[in-house]
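Each chain, letter by letter, is given below.
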Amino acid sequence: MFHQLPLVSDYEPLKPLIGDMGNLWLNLAQSHSPANIEFFGTLSVQVCSFWAGVIILTSADVMGPSFLKSYKLQSLSKQPTVGFIWNCIPTLIRNQLLTTTLHFLQLKLLPQLTGKSTVYRFETHLPSIWEIVIGLVLCSIAREALFYYSHRVFHWPILYRHI
């Protein structure tokens, strides 16, 4: 369906933004296995989006100017202390190690079970702009639904006391 649409690299308004990204992706796709691209790509997205955001926002919260406190939604009595934040760090690291280990194991076991090295599609050209847009929209909707319902499930009394 998407293969008939023009590729991102062919879309004139985006050419200055993406520059030589098509050649970079081609080189990456030809020189690394799909499993390595999936593993390190996922890990780098987690580090850049989650860890960088946590560090920046927590630093602004703890070391930032006092006028930022007026924008807080929770009362000052419910704000986490620096000690509480430091106690959360081992849990965050443990969760990151758990998900990274599970992802690594999935990439090692998946080929044995299905004969495929990855569940993702890896091609040597960048996708069409519409494939990117549709993928982002569908993934955003799925993420919101999964987050909402998993959040609701964790508030069930049988699970809530264990969290």
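All values reported here derive from a predicted model rather than from experimental measurement.

### Examining the overall build of the protein
Then, in step 1: Within the protein one finds 6 helices and 0 strands.
Then, in step 2: In the protein, the order of α-helices and β-strands from amino to carboxyl end is α-α-α-α-α-α.
Then, in step 3: Counting across all 163 residues of the protein, residues that qualify as buried make up 12%.
Then, in step 4: A sequence separation of at least 24 residues applies to 71% of the contacts in the protein between residues at least 6 apart.
Then, in step 5: Total accessible area on the protein is roughly 13,100 Å²; 70% of this is exposed by carbon and sulfur atoms.

### A word on the pattern of salt bridges
Then, in step 1: Per the stated rule, a full pass over the model turns up 1 salt bridge.
Then, in step 2: With a closest N to O distance of 2.8 Å, Arg143 and Glu144 form a salt bridge.
Then, in step 3: Looking at Glu144, the relative accessible area reads 46%, which means it is partly exposed.

### Things to note about helix H4 (residues 82–114)
Then, in step 1: Taking 1.5 Å per residue, 33 residues should reach 48 Å; H4 reaches 47 Å between its end C-alpha atoms and fits that length.
Then, in step 2: Of all the bends in H4, the greatest reaches close to 30° and is centred on Lys108; the proline Pro111 follows between one and four positions later.
Then, in step 3: Listing the buried residues of H4 in full gives Ile85, Gln96, Thr100, His103, Leu107 and Leu110.
Then, in step 4: Tucked into the core, H4 has its buried residues touching helix H3 (34–63).

### Points about the packing of aromatic side chains
Then, in step 1: By the definition in use, this model includes 5 aromatic pairs.
Then, in step 2: Judged by centre distance (6.2 Å) and plane angle (15°), the ring pair of Trp25 and Phe122 falls under stacked. Of this pair, Trp25 sits in helix H2 (residues 21–31) while Phe122 sits in the loop between H4 and helix H5 (129–154), placing them 97 residues apart in sequence.
Then, in step 3: Its relative accessible area of 26% is what places Phe122 among the partly exposed residues.
Then, in step 4: Relative to Phe104, the ring of Phe39 has its centre 5.9 Å away and its plane inclined at 70°; by these criteria the two rings are edge-to-face.

### What to know about the packing of H3 against H4
Then, in step 1: For the pair H3 and H4, the least separation of the axes is 11 Å and the interaxial angle reads 170°. Regarding the angle of H3 to H4, the classification is roughly antiparallel. Residue-level contacts link Ala35, Glu38, Phe39, Thr42, Leu43, Gln46, Phe50, Trp51, Thr58 and Val62 of H3 to Val82, Ile85, Leu92, Ile93, Gln96, Thr100, His103, Phe104, Gln106 and Leu107 of H4.
Then, in step 2: Looking at the contact of H3 with H4 residue by residue, the class counts come to 12 nonpolar, 7 polar and 1 charged.

### A look at the side chain of Gln96
Then, in step 1: Along the polypeptide, Gln96 turns up in helix H4.
Then, in step 2: In contact with Gln96, not counting residues within four places along its chain, are Leu43, Gln46 and Trp51.

About the criteria used
- Counting from 1, residues in each chain are numbered in the order their sequence is written.
- Whole-chain, interface and lining totals are the exception, using all residues; otherwise, since this is a predicted model, local features are given only for residues with pLDDT of at least 70 and side-chain atom pairs are given and counted only at 80 or more.
- Note: side-chain values were computed over all heavy atoms of the structure, leaving out hydrogens and water.
- Numbering of helices and strands starts at the N terminus; helices are DSSP runs of H or I of at least 4 residues and strands are runs of E of at least 2.
- The buried label goes to any residue with under 20% of its type's maximum accessible area, the exposed label to any with over 50%, and the partly exposed label to all in between, with areas taken from a 1.4 Å probe on protein chains only.
- Contact between two residues is taken to exist if any of their heavy atoms lie within 4.5 Å; hydrogens are not considered.
- Areas reported as accessible are Shrake-Rupley estimates using a 1.4 Å probe. Residue values count occlusion only from the protein chains shown.
- In the sections that follow, a salt bridge refers to a side-chain nitrogen of Lys or Arg positioned within 4 Å of a carboxyl oxygen of Asp or Glu.
- For a helix, the expected span equals 1.5 Å multiplied by the number of residues minus one.
- Here the bend at a residue is taken as the angle between two axes, fitted respectively to the seven residues that end there and the seven that start there.
- A pair of aromatic rings is counted whenever rings of Phe, Tyr or Trp (Trp by its six-membered ring) have centres within 6.5 Å, and the orientation is called stacked for planes under 30 degrees apart, edge-to-face for over 60 and tilted otherwise.
- Here an angle of 0 to 180 degrees is reported between the N-to-C directions of two axes, which are lines fitted to C-alpha atoms, with helices fitted over the stretch in contact.
- Each angle is binned into one of four classes, with values under 35 degrees roughly parallel, values over 145 roughly antiparallel, values of 65 to 115 roughly perpendicular, and all other values oblique.
- Under the convention adopted here, Pro, Cys and the residues Ala, Val, Leu, Ile, Met, Phe, Trp and Tyr are nonpolar, Asp, Glu, Lys and Arg are charged, and Gly plus all remaining residues are polar.

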